[in-house]
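What follows is each chain in one-letter form.
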Amino acid sequence: MTSTPAPSVAPAEAEIDALIAAQLHLEGPLLPIFHALQEAYGHVPQAALSRIAEALNLTRAEVHGVMSFYHDFRSAPAGRHVLKICRAEACQSMGGAALADRLLAKLGLGWHGTTPDGKVTVEPVYCLGLCACAPAAMVDGKVRGRLDEAACDALIAEVRA
Ligand code: FES
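Residues numbered from 1 in each chain as written. Predicted model: local features only at pLDDT ≥ 70, side-chain atom pairs only at ≥ 80, totals over all residues. Heavy atoms only, no water.

**Some words on the layout of surface pockets**
Put simply, the largest pocket is a space of about 430 Å³. Together, 18 residues line the largest pocket, and His 71, Asp 72, Lys 84, His 112 and Glu 123 are the ones closest to its centre. If you tally residues by element for the lining of the largest pocket, the top one is strand β2 (residues 120-125), at four residues. (1 Å grid on protein atoms, 1.4 Å probe; cavity = no way out; pocket = protein on both sides within 12 Å on 5 of 7 lines; lining within 4 Å. Points joined across faces, edges and corners; volume = space filled by probe spheres on them. Helix = DSSP H or I, 4+ residues; strand = E, 2+ residues; numbered from the N terminus.)

Spelled out as structure tokens, the structure:
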């Protein structure tokens, strides 16, 4: 899963090409290429799509179609911290929805929103495998379970620091 996103930089074409080339030995390299680019830049730069298409002998539309199908790939950089809140059943049964609403209100964000200072992006996620410790969340790739209001407030303070 994602870690703290890398700061947004204008990627050099040669650098993009090198990241693409490093995955070409794999069978079905398209998803590994997306992962490598997102790891490097915090998102998949739009400029990379035609270069991927060329390297894999696909159309740009095909590359774009695959990328937009998967929620994990971003077309723009996220905030410095990414807070994913589980919205699936077990977490709902433990009050996760109300907790998420409260957390969004405190941050002044909607789902997929980023605070104006660029510090935190909040996203929904549909099960983190932490159902027995619901409600659950993930901060910069690290899971947190048994969240209550106090734990959420601590989480907000942490990502805003
Ligand atoms: S339903 Fe939330 S972690 Fe599984």
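**A few points about helix α2 (residues 30-41)**
Helix length check: α2, at twelve residues, gives a terminal C-alpha distance of 17 Å against a target of 16 Å (1.5 Å per residue), a fit within 8%. What α2 keeps buried is the set Leu 30, Ile 33, Phe 34, Ala 36, Leu 37, Gln 38 and Tyr 41. If you follow the buried residues of α2, they end up packed against α1 (13-21), α3 (46-56) and α4 (60-69). Of the residues one or two after α2, Gly 42 is the one with positive phi, at around 80 degrees. (Expected span 1.5 Å × (residues − 1). Buried < 20%, exposed > 50% of the residue type's maximum accessible area, 1.4 Å probe, protein only. Contact = heavy atoms within 4.5 Å.)

**Observations concerning empty space enclosed by the protein**
One pass over the full model with this rule turns up one cavity of 30 Å³ or more. Reported here for the largest cavity is a volume of approximately 50 Å³. If you go around the largest cavity, the residues you meet are Ile 85, Cys 86, Gly 96, Leu 99, Ala 100, Leu 103, Pro 135, Ala 136, Leu 147 and Cys 152. Looking at the lining of the largest cavity, the elements that each hand over two or more residues are β1 (81-86) and α6 (96-107). Here the lining of the largest cavity takes four residues from α6, the largest share from any one element. Counted by class, the lining of the largest cavity contains nine nonpolar, one polar and no charged residues. (Nonpolar A, V, L, I, M, F, W, Y, C, P; charged D, E, K, R; others polar.)

**Things to note about the nonpolar core**
Core analysis: the largest hydrophobic core is formed by 17 residues, its most contacted members being Leu 83, Ile 85, Leu 103, Leu 107, Val 120 and Val 122. If you list the elements that add at least two residues to this core, you get β1, α6, β2, β3 (137-139) and α7 (149-160). No other element matches the five residues that α6 contributes to this core. Ignoring sequence-local partners within four residues, the contact set of Ile 85 consists of Ala 100, Leu 103, Trp 111, Val 122, Glu 123, Pro 124, Val 125, Ala 136 and Ala 137. (Core = buried A, V, L, I, M, F, W, Y, C linked by side-chain atoms within 4.5 Å.)

**Quick word on the packing of α3 against α4**
The angle between the axes and the distance between the axes are what describe a pair of packed helices. One can describe the packing of α3 onto α4 by two numbers: an axis separation of 8 Å at closest approach and a directional angle of 120 degrees. Considered as vectors, α3 and α4 are oriented oblique to each other. Judged by the sense of rotation from one axis to the other, the crossing of α3 with α4 is right-handed. Between α3, through Gln 46, Leu 49, Ser 50, Ile 52 and Ala 53, and α4, the contact on the second element is made entirely by Arg 60, Val 63, His 64 and Met 67. (Axes fitted to C-alpha atoms, helices over the stretch in contact; angles between N-to-C directions. Parallel < 35°, antiparallel > 145°, perpendicular 65-115°, else oblique. Left-handed = near helix turned anticlockwise from the far one by under 90°.)

**Brief notes about unusual backbone geometry**
In this structure, Pro 135 follows Ala 134 across a cis peptide bond, with omega equal to -5 degrees. Here Pro 135 lies in the loop between β2 and β3. The backbone of Cys 127 shows a phi angle near 85 degrees, a positive value even though the residue is not glycine. Structurally, Cys 127 can be placed in the loop between β2 and β3. For Cys 127, a relative accessible area of 37% puts it in the partly exposed group.

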